[in-house]
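Summary of the model geometry
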Amino acid sequence: MTGLGRRPVCIDVKLRESVSPESAAKALARTPGVRSSIQIFPDESDPELRSMFLLEVEPEALGEALRVLGTQPEVEFARQNAPRKLIR
């Protein structure tokens, strides 16, 4: 069964500031189980903020995705996004 019916898991990724947009796209595309990649601050002039991304990956691919991201020279860090819920 594929994870298409299951909620994706989010990974916070910070790329090195020197990474070009083309290299960033290639590095993030190599992530196993990736559903989407979102640049968090695309219009920001600060290069550190501009280098932050949110990846959505298949739940069963989380461990492998984090392992692969950790081996990419373009990646400064990658970590699972903390789950959030609204408490009423």
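Computed from a prediction, not measured in an experiment: that's the story for all the values here.

1. Structural notes on the overall build of the protein
A tally of helices and strands in the protein yields 3 helices and 4 strands. Reading the protein from its N terminus to its C terminus gives the helix and strand order β-α-β-α-β-α-β. Taken against the 2.2 N^0.38 rule, which gives 12 Å for 88 residues, the C-alpha radius of gyration of the protein at 13 Å falls within 12% of a compact globule. With the C-alpha coordinates aligned to their principal axes, the bounding extent of the protein is approximately 35 × 35 × 15 Å.

2. With respect to the environment of Glu56
Along the chain, the position of Glu56 falls in strand β3 (residues 52-57). Distance in space between the C-alpha atoms of Glu56 and Asp12 is 9.2 Å, their sequence separation being 44 residues. Discounting residues that sit within four places of it in the chain, Glu56 has contacts with Pro8, Val9, Cys10, Gly33, Val34, Arg35 and Ser36. Side chain to side chain, Glu56 and Ser36 meet in a polar contact 2.8 Å long.

Definitions and cut-offs
- Residues numbered from 1 in each chain as written.
- Predicted model: local features only at pLDDT ≥ 70, side-chain atom pairs only at ≥ 80, totals over all residues.
- Heavy atoms only, no water.
- Helix = DSSP H or I, 4+ residues; strand = E, 2+ residues; numbered from the N terminus.
- Rg over C-alpha atoms; globule rule 2.2 N^0.38 Å.
- Contact = heavy atoms within 4.5 Å.
- Polar contact = N/O pair within 3.5 Å; in protein donor to acceptor, adjacent residues only side chain to side chain.

It is worth stressing that arrangement in space is one thing and function is another; only the former is reported here.
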